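Residue strings, one per chain:
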Number of protein chains: 2
Amino acid sequence: MRLAALLALVGLSALAPGAHAQPDPSAPYAEAAARITEAALADSAAYDRVAHIATTFGPRLSGSDALEAALDWILDAMRADGLEGVRGQPALVPTWVRGEESATLVTPHGEFDLPMLGLGGSVATPPEGIEAEVLVVTSFEELTERADEAAGRIVLFDVPFTTYGQTVQYRTAGAAAAAEAGAVASLVRSVGPSGLSTPHTGTMRYGEGIPEIPHAALTIEGAEWLHRIQARGERPVVRLTMGAETRADRMSRNAIAQVTGRESPDELVILGGHIDSWDVGQGVHDDLAGCVVTWEAVRLLHDLGLRPRRTVQVALWTNEENGLRGAQAFRDSLGDRVSHIQLALESDSGLFDPVGFGYSGGEGGRELLAARVEPLLEGLLKTDADAGPAGITEGGGGADIGPMMRDGVPGLSLRTDNGDYFVYHHTPADTIDKLDPAHVQRAVAATAILIYVAAEMPERLPHGTSASN
Amino acid sequence: MRLAALLALVGLSALAPGAHAQPDPSAPYAEAAARITEAALADSAAYDRVAHIATTFGPRLSGSDALEAALDWILDAMRADGLEGVRGQPALVPTWVRGEESATLVTPHGEFDLPMLGLGGSVATPPEGIEAEVLVVTSFEELTERADEAAGRIVLFDVPFTTYGQTVQYRTAGAAAAAEAGAVASLVRSVGPSGLSTPHTGTMRYGEGIPEIPHAALTIEGAEWLHRIQARGERPVVRLTMGAETRADRMSRNAIAQVTGRESPDELVILGGHIDSWDVGQGVHDDLAGCVVTWEAVRLLHDLGLRPRRTVQVALWTNEENGLRGAQAFRDSLGDRVSHIQLALESDSGLFDPVGFGYSGGEGGRELLAARVEPLLEGLLKTDADAGPAGITEGGGGADIGPMMRDGVPGLSLRTDNGDYFVYHHTPADTIDKLDPAHVQRAVAATAILIYVAAEMPERLPHGTSASN
Ligand SMILES: [Zn+2]
Ligand SMILES: [Zn+2]
């Protein structure tokens, strides 16, 4: 063991002692990686935990009993796993409660239910609802042009999905824009590429000094229905009823556990996902599976007796969806120690067939890590994914590790072949039946290998300039 | 023209005068078919009518104002089209009204909404709902084996979709089986191959002398959720609330119009679909598009001045979904004239890319018709469809033409490449955005050609023995 460690330090592999000319920088980690892979592919422990949490506690919106009950269970399980430093790190989170809600198309020929979901943070309607003619627009620009038609109406943004980043702005900012034009409520076409009468919820914001009006998502089908009525020269009339309520902030927690570093315990490899979700479905791809995969990666190191040089710490952040209070509390607790972080990894883009990792950080860091890790991921990654080339590619990060990354910490994201992610995202269909146990196994293996190498390699990964996210 | 007609009568084509040896039996109809095809592919009239009716009147459940308003509009439009014999044929239909309804999973950690749809004909729960432990079974056989566990419980049939015929029995007969075992309510996994939190409604029946218990469909996701809870040794608890109500029968109508036959007006070529639907979505594939395609086929003959030998009559039947009262009234009104029917065609399997027609009738009839029609459908049919070979194949029919077929009338169905039909069927997602205008155009052309030939050909198609459906 001492010889192997020595050889590793000089970049020579104990497993391939003849390779003098071009030492393989992954070689010192090959034996551990093989053990990790074998263990990760041997059972369904991580999948089983996702399934158990998903179907026991259901969705886990910030401020809910379900989230706190899930956190209690997780912290108990982390302790039972034998992990170190298990704790709930407090964070005060918003408490938005959906209440009863519905949208009804009031046509000349009867009333029809329009499946919908109110958007997180929206105010309520009066108890009797808001009934008004609907103005359908397809962009903020069109609303500006037709602003004189918006007063007293419900504005519907019927914007077909392009990318999440482009389309989501109507969900987040639609109410403010509609209210500014005098609308009494606002609706968006659900932010997703396709659906089967499947509404998508998500967070929204009001504007400073602009009236707060109720804001909800219709299904793609519902939005197109109203649009077609308008297109033939009629005005659809909708009655929107929402009992939404924002209650006092409530104490939640980030769930944290670690394997303490053998030589440099103050240097941290951080990884995790967000344990909160929206209040529909089970929040499996967003983001319970990401949480459990990162947790399981740390548990595997512990189980295999792999205690690397640095501390490997898993953090399941609370309140990513509508506040990022968990991420901020985590960052605040680090203080100046942020300079001791080797890297931070977040898995929050759905848990499909793993493709690799995205990397953002100081110059040369990606190459340093990739040279050591990529050879060890052989056989674990989907190589012909629509999601791009397998391996460690440029560009990564995540909302919860954003505050650290803005201070220069190298940030990684787990990349999976997630072309269907926004079909399920924030819907009642983000449930355990959409998760493939084999994807979970391979994601655990790849993540555990990456964090093991990052925690064990003698080299520090270079921090970037601030705001490198 | 007189030469062409003469040639046509002796089976020689005016378009291919050299073909003496083997006369093409389709030749006499080729010119008309070409005109039909050109007209059908030239505009979007049929699609536009589907879109207008779907988005103006919405779903059209028997007994609803929406159905009767849609029928008024259709009858007016048939008259405006210049069709003959336009009339509403009365039929008394059941009036089932859904009311407010919900299913809530009452776990140890909070309450979660389970998207659902009550099933047509179900009784209500008490106003406060029925809250009980759920027994999940995967077959009638398993329920029989576990009958001692069913008393006082809600039985859920979590039966994955195989074929509609196999799986739908749990929707139709599940409540009776569950009640017989002492259950207080029953649930089924929605009858469809896949979904995105998409519940499917449909009709159900109670058993003679068996208590009538509330019966509803959960989504696939919801059913699997409860099943997983049971599989780990716990009992899911659900609170089911349904305000369903069966009111007094109400008068509805079949919408009928025709092009009266030139020589044998008493001989009928009948075609149509059912104008009623379930009370969610817009009932576009089931079966508004089928209705409009058959109607448009008749309108095209009229517009093109094609008045064939026999009468071509379109019938948009009411109450297919939960009673077949329209079909029965139609059959009753024919009396002995059923022997004068050349054929009856129904389009009620979704309106996707047309593949051909299925045929059931007396021996040799399919060959007689196919030899005349198939060459004229060149270019209109999808030839590599999963739905089978293009053309007129053995085996056809439909629920609304069933009573005629049982008296020997040759029955046809329009076949389309409908592999996705049961994804949308009876759901809020059966909406206009799922319909392809090009499919409608080709279906109109193929249907109009088939009925023109059937109405024009000198030969009678042989009737079958009774119950040939
Ligand atoms: Zn997320
Ligand atoms: Zn139907």
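Refer to the structure above for everything that follows.
The structure displayed is predicted, hence computed values, not measured ones.

Turning to the coordination of the zinc ion (ligand 1), a few remarks are in order. Residues and elements named next belong to chain A. Every protein donor of the zinc ion (ligand 1) is listed here as His274 (NE2), Asp286 (OD), Asp348 (OD) and Asp348 (OD), and their distances to the metal cover 1.8 to 2.7 Å. Classification of the site at the zinc ion (ligand 1) rests on its 4 donor atoms, whose angles at the metal span 50 to 145°, yielding the label irregular. Sequence positions of the donors to the zinc ion (ligand 1) reduce to the motif H-x11-D-x61-D. Taken as a pair, His274 in strand S11 (residues 264-274) and Asp286 in helix H9 (residues 284-303) lie far apart in primary sequence, 12 residues in all. Accessibility assignment for this pair places His274 and Asp286 in one class, buried.

Attention now moves to the pattern of salt bridges. Residue and element names in this part refer to chain A. Inspection of every chain in the model, using the stated rule, returns 70 salt bridges over all chains. Its salt-bridge partner being Arg146, residue Glu149 comes within 2.8 Å of it at the nearest N-O pair. Here Glu234 makes a salt bridge to Arg232, at a shortest N to O gap of 2.9 Å. Three or more residues joined by partner-sharing salt bridges are found here, namely Glu133, Glu142, Arg146, Glu149, Arg153 and Arg235.

Turning next to the environment of B:Ala151. Residue and element names in this part refer to chain B. Turning to its location among the elements, Ala151 is positioned in the loop between helix H6 (147-150) and strand S6 (154-157). For the pair Ala151 and Ala179, spaced 28 residues apart in sequence, the C-alpha to C-alpha distance is 8.6 Å. Aside from chain neighbours lying at most four places away, what touches Ala151 is Ala181 and Gly182.

Inspection of every chain in the model, using the stated rule, returns 20 aromatic pairs over all chains. Note on A:Phe161 and A:Phe422: the rings are 6.0 Å apart at their centroids and 40° apart in plane angle, and the pair reads as tilted. Highlighted residues: A:Phe161 in the loop between strand S6 (154-157) and helix H7 (164-180) and A:Phe422 in helix H13 (residues 421-424), separated in sequence by 261 residues. Arranged with centres 6.5 Å apart and planes meeting at 80°, the rings of B:Trp96 and B:Trp278 form a pair that is edge-to-face. Residue B:Trp96 is found in strand S1 (residues 84-97), and its partner B:Trp278 is found in the loop between strand S11 (264-274) and helix H9 (284-303); the two are separated by 182 residues along the sequence. The pair formed by B:Trp96 and B:Trp278 is uniform in burial state, with each residue classed as buried.

What follows deals with the interface of chain B and chain A. Facing 35 residues of chain B, the contacting portion of chain A comprises 35 residues. With both chains or domains summed, chain B and chain A bury close to 2,800 Å², and 62% of this area falls on carbon and sulfur atoms. There are 2 salt bridges connecting chain B and chain A. With its nearest N and O atoms 2.8 Å apart, the salt bridge here joins B:Glu221 to A:Lys434. At the surface where chain B touches chain A, the tally comes to 12 residue pairs in polar contact (both at pLDDT 80 or more). At the level of secondary structure, the elements contributing two or more residues to the side of chain B that touches chain A comprise helix H3 (45-57), helix H4 (65-80), helix H8 (220-231) and helix H13 (421-424) of chain B. For the side of chain B that touches chain A, the element with the most residues is H3(B), which contributes 7 residues. Its residues placed into classes, the side of chain B that touches chain A shows 17 nonpolar, 12 polar and 6 charged.

Moving on to the relation of the copies chain B and chain A. Each copy of the sequence occupies a distinct position, and chain B is placed on chain A by a rotation of 180° and an axial shift of 0.0 Å, giving an RMSD of 0.0 Å. A rotation of that kind, with that shift, is consistent with a two-fold axis. Rotation axis and chain B: the residue whose C-alpha lies nearest the axis is B:Leu196, separated from it by 2.8 Å. Most of the interface of chain B is mirrored in chain A: 100% of its interface residues are interface residues there too.

Here helix H14 (residues 437-456) of chain A is 20 residues long and its end C-alpha atoms lie 28 Å apart, about the 28 Å a rise of 1.5 Å per residue gives. Counted residue by residue, H14(A) has 16 buried out of 20 residues, so it is predominantly covered.

On to H4(B), then. With 16 residues, H4(B) extends 23 Å between its outermost C-alpha atoms, agreeing within 8% with the 22 Å of an ideal straight helix rising 1.5 Å per residue. All of the buried residues in H4(B) are B:Ala66, B:Leu67, B:Glu68, B:Ala69, B:Ala70, B:Leu71, B:Ile74, B:Leu75, B:Ala77 and B:Met78. Where H4(B) is buried, its residues meet strand S3 (110-114) of chain A together with H3, S1, strand S10 (245-259), H9 and strand S12 (310-317) of chain B. Looking one or two residues past H4(B), B:Gly82 carries a phi angle of roughly 85°, positive in sign.

Residues and elements named next belong to chain B. Around the zinc ion (ligand 2), the protein contributes the donor atoms His274 (NE2), Asp286 (OD), Asp348 (OD) and Asp348 (OD), at 1.8 to 2.8 Å from the metal centre. For the zinc ion (ligand 2), the 4 donor atoms in the first shell make angles of 50 to 144° at the metal, so the coordination geometry reads as irregular. Within one chain, the residues serving as donors to the zinc ion (ligand 2) are arranged as H-x11-D-x61-D. Taken together, the residues His274 in strand S11 and Asp348 in the loop between strand S13 (341-346) and strand S14 (354-360) connect sequence positions 74 residues apart.

The rules we used
Residues numbered from 1 in each chain as written. Chains lettered and ligands numbered in written order. Predicted model: local features only at pLDDT ≥ 70, side-chain atom pairs only at ≥ 80, totals over all residues. Heavy atoms only, no water. Donors = N, O, S within 2.8 Å, 3.2 Å for Na, K, Ca; no water. Tetrahedral: all angles 85-135°; square planar, octahedral: opposite > 155°, others 65-115°. Helix = DSSP H or I, 4+ residues; strand = E, 2+ residues; numbered from the N terminus. Buried < 20%, exposed > 50% of the residue type's maximum accessible area, 1.4 Å probe, protein only. Salt bridge = Lys/Arg side-chain N within 4 Å of Asp/Glu carboxyl O. Contact = heavy atoms within 4.5 Å. Phe/Tyr/Trp six-rings, centres within 6.5 Å; stacked < 30°, edge-to-face > 60°. Buried area = accessible area lost by both parts, 1.4 Å probe. Polar contact = N/O pair within 3.5 Å; in protein donor to acceptor, adjacent residues only side chain to side chain. Nonpolar A, V, L, I, M, F, W, Y, C, P; charged D, E, K, R; others polar. Least-squares fit on C-alpha atoms with pLDDT ≥ 70 in both. Expected span 1.5 Å × (residues − 1).

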